[in-house]
Amino acid sequence: MSFRHGYDPIQPTTPTRLRDASFPGRTVPMTSAGKELEEERPATRPVHRLPAEILGEVLLLVVSRDSSNLLEYSSPRDEVIALQLVCKSWRHVALLTHHLWPILAVSEDQLRLDKIETWFNRAGDLPKKLIITLRCTLIQHFDLVAPTIAWLLAKGPRLQHFCFHAPSPKCFRILMHLLQNSKSFRSPRPWDTIQALTLSFTHKWSEQLSQSSLCDGIPSTVTSFQLHCPEFSEGFTPTPTTAFLQRLTSLALRCTQIPSPLLGVLKLCDNLEVLTLDLGYEDTVRLQGAEIELAANSGFLLPKVRTLNLERVTRCGVHFLRYLKTPKLENLTIKFNLYWGFGWNNSPPIEYAIIPFITRQSKCEATLRRLQLDGLNLDGSSEQVSDVLLSLPHLTHLILGYVSPIRRGAKGFFDTLLGKASSQRMLCLPQVEVLKLLNFPPGDFEDLCQFLETRRPGSSVPDQGVSSQPTLDRPQDTLRGLTLRYYPVGGRKHHDLEGFEIVKVLRRSGVLVDIGPFSDN
């Protein structure tokens, strides 16, 4: 029986006749035993008694997406449709849950204005994001669908974020030309009020655009801009206008190798608050040109940047930080290359780049509150990472993502961290409130427990020089949340880490502890 015809598997029923398997059109009376089983079944199942608001939150969890991903070419469209087909109750709840509908991804063969408007109308007043991904690879094919996209942006629903994924930058130039010739439509058009624009191209950027042609047609309301391009041909680099750059509060550049002229525009981004740079696993990032090199000696001053994200960074590439100066930085994320590759032992230690950037160049150690380091090979950098953390006493959120276990017999990371803190007579991360450890080696859990025990209220290492009694001058522990995702070792997918006493103590103290196996999905 198909769910599409209104069948509700949750709604309790009490059938009195059964179908005869030998004759599909014939029914037979239910036996007395069958009736007794039906009478013993509860009148309503627990899931059917869930309030619509709670069920809506459950549906949101099912279709949730990782918001840390810079650009997604898909929306939860298929999942939302599948949930509606479960039963009438779920469809009714889904239609009333606005947060299921603000994002939609379509291809060129799905550009139906009525369908898109119906989808976004269910999102209510929430900000809406439309993603158009072109499957065609030839410019000639895009000429056939470009008028439809222009019509959608001129007469369709109001959008907050528009993502355009196309083969070539020429596709975007054609689209801008069509929009400029559509001034006869109602004003303001949806295109005229977008606040975020994402451009992604699959082919090499091989055409030279002047400043005016690159930014010509982009609405003045755009304050968030993302550019994704695999690579640029030599001498063909887009250079946005100064007025466009000064309006931006969020900028993301993701390329195999970001060209120097494109990095040089950072000095014009006076109002930038969020900066994301994908360094493309390049070991060296050199800026060219006399003016750029002169500015790079002291760093590009970004006076309002509060969030800095560096992605696909090698151990040498992290030294790109010397080009930046962010005095108000609050959030720093560095995602290292998962495979360190050649030159791991010969490359400069990472603390030589991170610590000077924070303490001397930007002088933001007092404002930095959140640090995320992904792709850490702690087998060779435990001491370096420990030095970085001990230089940041004001951190409240720390996220560490491991990629390889520490060799058998080697000191664990937290053992190294505690040793360095003890030698310097310091408290490890005294203000940390949230600690997340991803792909954590289970063998290091005892060292982690020792680290957590030193943070409990009133606990302290005895003063070796004065008294053998522990001092009680340490502040109340600030830890509020611990998330640990361990990787399976020895063929075991699950490890019994819940039984440790420190985990029970933390939970009794009101700390949210979440322990489970690591998944890279």
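These figures come from a predicted structure and were not determined experimentally.

A closer look at the overall build of the protein
Helices and strands together make up the secondary structure of the protein, namely 16 helices and 18 strands. When the 521 residues of the protein are sorted by exposure, 46% land in the buried category. Long-range contacts, defined here as pairs at least 24 residues apart, represent 76% of the contacts in the protein between residues at least 6 apart. A total of about 26,900 Å² of accessible surface is found on the protein, and carbon and sulfur atoms cover 52% of it.

Comments concerning the packing of aromatic side chains
This model, assessed by the stated rule, comprises 10 aromatic pairs. Measuring from ring centre to ring centre gives 6.1 Å for Phe-162 and Phe-164, while their planes differ by 20 degrees; the resulting arrangement is stacked. We classify Phe-162 as buried; its relative accessible area is 0%. Look at Phe-164 and you get buried, because its relative accessible area is 1%. Here the aromatic rings of Phe-413 and Phe-414 are separated by 5.1 Å at their centres, their planes lie at 70 degrees, and the arrangement is edge-to-face. Relative accessible area serves as the criterion here: at 1%, Phe-413 is assigned to the buried category. Members of the aromatic cluster, joined through ring pairs, are Phe-142, Phe-162, Phe-164, Phe-172 and Trp-191. Above the face of the Trp-101 ring, Arg-122 is positioned so that its terminal group lies 4.8 Å from the ring centre.

Concerning the pairing of strand S8 (residues 250-255)
Two faces make up the sheet, and in a regular strand the side chains alternate between them. For S8, the tally of buried residues reaches five of six residues, placing the bulk of the element in the interior. Pairing of S8 with strand S9 (residues 274-278) involves five bridges; the strand directions are parallel. For Ala-252, the partnering residue across the bridge sits in S9 and is Thr-276.

Quick word on the nonpolar core
One finds Phe-142, Phe-162, Phe-164, Leu-175, Leu-197, Leu-448 and Phe-451 to be the most contacted residues of the largest nonpolar core, which totals 124 residues. At seven residues, the largest contribution of residues to this core is made by helix H6 (residues 139-155). Beyond its immediate chain neighbours, meaning those up to four positions away, Leu-448 contacts Phe-414, Leu-435, Leu-437, Phe-440 and Leu-484.

Some remarks on helix H3 (residues 77-84)
Of all the positions in H3, only Val-80, Leu-83 and Gln-84 are classed as buried. Along the long axis of H3, the arc covered by the buried residues comes to 100 degrees, so they all point the same way. In this fold, the buried residues of H3 make contact with helix H2 (52-63), helix H4 (88-96) and helix H5 (113-121).

Overview of the pairing of strand S17 (residues 481-486)
Most of S17 is tucked away: five of the six residues are buried. Taken together, the six bridges between strand S16 (residues 434-440) and S17 define a ladder with parallel strand orientation. Bridge assignment links Leu-435 to a residue of S17, and that residue is Leu-482. Inspection of the sheet shows S17 paired to strand S18 (residues 512-517) by six bridges, in the parallel sense. Of the residues in S18, the one forming a bridge with Arg-485 is Gly-516.

Quick look at the pattern of salt bridges
On inspection of all chains with the given rule, the structure shows nine salt bridges. As a salt-bridge pair, Glu-311 and Arg-254 come within 3.6 Å of each other at their nearest N and O atoms. Of the two residues, Glu-311 is situated in strand S11 (residues 307-313) and Arg-254 in strand S8; the sequence distance between them amounts to 57 residues. The salt bridge partner of Arg-485 is Asp-514, with a shortest N-O separation of 2.8 Å. Taken together, the positions of Arg-485 in strand S17 and Asp-514 in strand S18 put the pair 29 residues apart, joining distant regions of the chain. Each of Arg-254, Asp-278, Glu-311 and Arg-312 takes part in salt bridges that share partners, so that together they form one network.

What to know about unusual backbone geometry
The phi dihedral of Arg-312 falls on the positive side, at around 50 degrees, and the residue is not glycine. When you line up the elements, Arg-312 lands in strand S11. Here Arg-312 falls in the partly exposed class, since its relative accessible area comes to 30%. Look at Asn-439: it is not a glycine, yet its phi comes out positive at around 60 degrees.

Things to note about the confidence of the model for the protein
Per-residue confidence for the protein gives a mean pLDDT of 75; residues scoring 70 or more make up 68%. Between the elements of the protein, mean pLDDT differs from a low of 45, seen in strand S1 (residues 17-20), to a high of 92, seen in strand S5 (residues 161-166). Between residues 1-23, whose pLDDT stays under 50, and residues either more than four places distant or in other chains, the model counts 43 contacts. Contacts from residues 340-347, a stretch scored under 50 in pLDDT, to residues over four places away or in other chains number 10 contacts.

Some details on a nonpolar patch on the surface
Taken together, Leu-50, Ile-54, Val-58 and Val-62 make up a surface patch of nonpolar side chains, about 300 Å² in accessible area. Relative to the helices and strands, Val-58 is located in helix H2. Taking the relative accessible area as the measure of exposure, Val-58 reaches 37% and is therefore partly exposed.

Quick notes on the rules
- Residues numbered from 1 in each chain as written.
- Predicted model: local features only at pLDDT ≥ 70, side-chain atom pairs only at ≥ 80, totals over all residues.
- Heavy atoms only, no water.
- Helix = DSSP H or I, 4+ residues; strand = E, 2+ residues; numbered from the N terminus.
- Buried < 20%, exposed > 50% of the residue type's maximum accessible area, 1.4 Å probe, protein only.
- Contact = heavy atoms within 4.5 Å.
- Areas by Shrake-Rupley, 256 points an atom, 1.4 Å probe, with all protein chains shown as cover.
- Phe/Tyr/Trp six-rings, centres within 6.5 Å; stacked < 30°, edge-to-face > 60°.
- Lys NZ or Arg CZ within 6 Å of the ring centre and 35° of its normal.
- Pairing = 2+ DSSP bridges.
- Core = buried A, V, L, I, M, F, W, Y, C linked by side-chain atoms within 4.5 Å.
- Arc of directions from axis to C-beta.
- Salt bridge = Lys/Arg side-chain N within 4 Å of Asp/Glu carboxyl O.
- pLDDT = per-residue confidence, 0-100.
- Patch = residues over 30% accessible without salt bridge, like charges linked within 9 Å, V, L, I, M, F, W, Y side chains within 5 Å.

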